[in-house]
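The primary structure of each chain is shown beneath.
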2 protein chains.
Amino acid sequence: MCRVPETGERPYHHGHLRAGLLQAAERRLREDGVDGLSLRDLARELGVSHAAPRRHFPDRRALLDALAETGFARLDTVLRAALADTADDFAVRLQAVATAYTRFATENAALLELMFRSKHRPGGERVARAAEGAFALVNELIVQGQAEGALQAGEPEQAGLILFATLQGIAALVNGDVVPPEMRDGLVETATEQFLRGARPLP
Amino acid sequence: MCRVPETGERPYHHGHLRAGLLQAAERRLREDGVDGLSLRDLARELGVSHAAPRRHFPDRRALLDALAETGFARLDTVLRAALADTADDFAVRLQAVATAYTRFATENAALLELMFRSKHRPGGERVARAAEGAFALVNELIVQGQAEGALQAGEPEQAGLILFATLQGIAALVNGDVVPPEMRDGLVETATEQFLRGARPLP
DNA sequence: CTACAAAGTAGACGGTGACAACAAAGTTGG
DNA sequence: CCAACTTTGTTGTCACCGTCTACTTTGTAG
């Protein structure tokens, strides 16, 4: 079962169509943006009829939503991996997460845009749930910072939101060619430093 | 000349097609997003044949670029108006510009996205030039802040970029429904405060 | 007044997402 | 073992869209 299709043979059933569609779609998304992603094109690329994708994704949106969902899962993995590699010091952990996030956001620009766009449109509950994980992680980090005394206590949401907004904005500037990609990590570094200086408890 | 078309009459020449297209397109952009903007639809709405828009905009992109260009002009106007109303104190001026920008960015979400997307694609030089104004304004403000001693001297770009990124990110969070719109102005306020605290000269 | 340019019209082409009817290949129960 | 059923893929169709070409109408300048 689940044998990889031998090259040259064209069995009536593709066998991995859903996975193949997602994989090809993600590549297309990266290369041509969301507008350059056509169901018929994907079908052609996978050597399948133009209506075949419909069996797995009733809708173009459904495919995009699925991409967004796996995108959030991947983001969550990336962020947790970044945290796993660091010591316990809050500043270091914050730096690691911030860098990892903006890196993901710039290396998967179209995907990230899709993720946020899909999250809050009707029927995007699955996507929204997938997004919870990443947000929760950032909030935990903020709470840890407050516990360590590195951040002002109270209203953890606002502090976390502003930091998150800054990272998101840096990614937007890079993706929008306002800023060259080489400046990304440097900007993130000074941004988190300034954030720490600006949000630390008053002396 | 340039008489407003009387209701009921359908002169062969529309007379205000270009302006009408831009106006209708901007409304559609606001209501349905860029994907819901169809040239044929606009033509129908203006009671004109499907190929008529082509005389004024050779391309769908040309129409979108024109929208982006006027968008930057409007943004520039909004920002300068916000500055004109304030005293000379740097913190106050910064607050005013920041609030005005994020307000524009959230009230014209699809337009802003279009503006940044159009700016750096091939042939988007006119749009890019239109964008210069707004950027220059922010940079001037930063330089003023440094002159007043409210900001660290040197590398005005990075400080300005980070602030700009934060505002852009706050707008993105509001537009992405991560944050309710009522929180917008409050977030901007604390963000600029933290920015001032984080970027002021070391004592 | 006539030639020409500008602005709008009509029709066609290829591409796309959606849908319906049908066919092939697994799967399952007797 | 085979017949019903479900899953998956195919073919054909429809409406819509952006773009292009050829044509018509209108305004204008020589």
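Residues numbered from 1 in each chain as written. Chains lettered and ligands numbered in written order. Predicted model: local features only at pLDDT ≥ 70, side-chain atom pairs only at ≥ 80, totals over all residues. Heavy atoms only, no water.

Chain A has the name TetR family transcriptional regulator in an unreviewed UniProt entry, where Actinomadura rayongensis is given as its organism.

Let's talk about the protein's contact with DNA strand D
Close to DNA strand D lie 26 residues, the nearest being Ser49(A), His50(A), Arg55(A), His56(A) and Arg40(B). In DNA strand D, the atoms that sit within 4 Å of the protein are 53% sugar and phosphate, with bases accounting for the remainder. In this structure, His50(A) approaches DNA strand D through a side-chain N or O atom, which is 2.7 Å from a base oxygen. Arg55(B) has a polar side-chain atom sitting 3.5 Å from a base nitrogen of DNA strand D. (Near = heavy atom within 4 Å. Polar contact = N/O pair within 3.5 Å; in protein donor to acceptor, adjacent residues only side chain to side chain.)

Some words on the interface of chain B and chain A
Each side of the interface is counted separately: chain B has 36 residues, and chain A has 36 residues. It is Ile162(B), Gln194(B) and Arg197(B) that lose the most area in chain B upon contact with chain A, and together they represent 21% of the buried surface on that side. The interface formed by chain B and chain A contains two salt bridges. With its nearest N and O atoms 2.6 Å apart, the salt bridge here joins Glu113(A) to Arg117(B). Between the two partners, chain B and chain A, sit three residue pairs in polar contact (both at pLDDT 80 or more). When contributions to the side of chain B that touches chain A are tallied by element, the ones reaching two or more residues are helix H5 (109-119), helix H7 (156-175) and helix H8 (184-199) of chain B. For the side of chain B that touches chain A, the element with the most residues is H7(B), which contributes twelve residues. A class-by-class count of the residues in the side of chain B that touches chain A yields 17 nonpolar, twelve polar and seven charged. (Contact = heavy atoms within 4.5 Å. Buried area = accessible area lost by both parts, 1.4 Å probe. Salt bridge = Lys/Arg side-chain N within 4 Å of Asp/Glu carboxyl O. Helix = DSSP H or I, 4+ residues; strand = E, 2+ residues; numbered from the N terminus. Nonpolar A, V, L, I, M, F, W, Y, C, P; charged D, E, K, R; others polar.)

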